[in-house]
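The lines below spell out each chain.
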Amino acid sequence: MRSSSQPTQPAPALLAAMLVFTAANAIISFSAFWASRNTVAEPPAAGTGTSTASTAAARSLWEAYDAHLAEAKYVDLTHAIEPGMPLWDGFSQPKFGAAVARVATPGFIAEGATYGYAAQGFVAGAVSLATDQIGTQLDPPAHWNELGATISDLPPTVTLRPLVVVDISRKVAAEPGYTASVADVLAWEAEHGRVPAGAAVLFRSDWSRRWGEYLVEGKMPAVFPGVGLPALQFLHQNRSILLHGHEPLDTDSTPTLEGEAWLMHHNYLQVEGAANLHLVPPAGALLSIGFAKI
């Protein structure tokens, strides 16, 4: 999450920005998709109706939902954004309050007044984030790479992916600063088969299970588990994954944060601050990227 001085490598010229991320709360994203055979289907023009082929293709996704997702178990992998939450010391806490009227609306609300159920029939909140590096987050390349892709550059195809969970929790229990390796990925493959191309690979360390303690103590432990650079390179270069993720708020504890530096400067995404991976099977699940929990 933190950045050190690194040389910028060539990449497409894009603006820098980031956004808070949530995972697997529900199959919800701000995108829509449909399927057809051998062609790219276009939505029908207004008033023209739909073709039999496109209707059948769309219904096939509905049938897949009814057969596999309607009764599926959904697990929230996201930390809520709340007062006093664990943060890197260089960032300030989020602030929460009531939204106030910018201008007066005669007979409805005075300028500067807060909205309320009794007077206006609704409430509106105001949230101030000193950073987007907070809670469960998706880091785009622009986090470190001044020419890297931003969250707004990401296509809607990232919103639903096969989920691989590599469990290193026992090793972390014995060694809190354990770093995940290529061997851990190969051990997963020996049991479950090859990591699917385009997958999201999250490393379960159980670090997040003590999130409540970090919240009470007001700080995070100095020693935390990481994901080693060789493992990251293997997953991206040899298994063509979409992204990896981990439970702590940094990729590793090397002096230069070498794993995160390599990812961002090679235009890869990563998830930080994942939660509840102990509730997810190691293979067979889907990851949905949806809305922030504020």
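Further up the page is the structure itself.
Thresholds, definitions, all that
- Residues numbered from 1 in each chain as written.
- Predicted model: local features only at pLDDT ≥ 70, side-chain atom pairs only at ≥ 80, totals over all residues.
- Heavy atoms only, no water.
- Helix = DSSP H or I, 4+ residues; strand = E, 2+ residues; numbered from the N terminus.
- Contact = heavy atoms within 4.5 Å.
- 1 Å grid on protein atoms, 1.4 Å probe; cavity = no way out; pocket = protein on both sides within 12 Å on 5 of 7 lines; lining within 4 Å.
- Points joined across faces, edges and corners; volume = space filled by probe spheres on them.
- Nonpolar A, V, L, I, M, F, W, Y, C, P; charged D, E, K, R; others polar.
- Salt bridge = Lys/Arg side-chain N within 4 Å of Asp/Glu carboxyl O.
- Buried < 20%, exposed > 50% of the residue type's maximum accessible area, 1.4 Å probe, protein only.

**Student:** Give me the side chain of Ser169: which residues, what numbers.
**Tutor:** Of note, Ser169 is situated in helix H3 (residues 169–174). Leaving out residues up to four positions away in the same chain, Ser169 has contacts with Arg204, Ser205 and Asp206.

**Student:** Which residues make up empty space enclosed by the protein, and what values do they have?
**Tutor:** Evaluation of the coordinates by the stated rule reveals one cavity of 30 Å³ or more. If you go around the largest cavity, the residues you meet are Ile168, Phe203, Ser205, Pro225, Gly226, Val227, His246, Glu247 and Pro248. Looking at the lining of the largest cavity residue by residue, the classes come out as five nonpolar, three polar and one charged.

**Student:** Which residues make up the pattern of salt bridges, and what are the values?
**Tutor:** Counted according to the given criterion, the structure contains seven salt bridges. Note that Lys171 and Asp184 form a salt bridge whose closest N and O atoms lie 2.6 Å from each other. Taken as a pair, Lys171 in helix H3 and Asp184 in helix H4 (residues 182–192) lie far apart in primary sequence, 13 residues in all. Put simply, Asp206 and Arg204 hold a salt bridge, and the shortest N to O gap is 2.8 Å. Take Arg204: its relative accessible area is 17%, and that puts it in the buried class.

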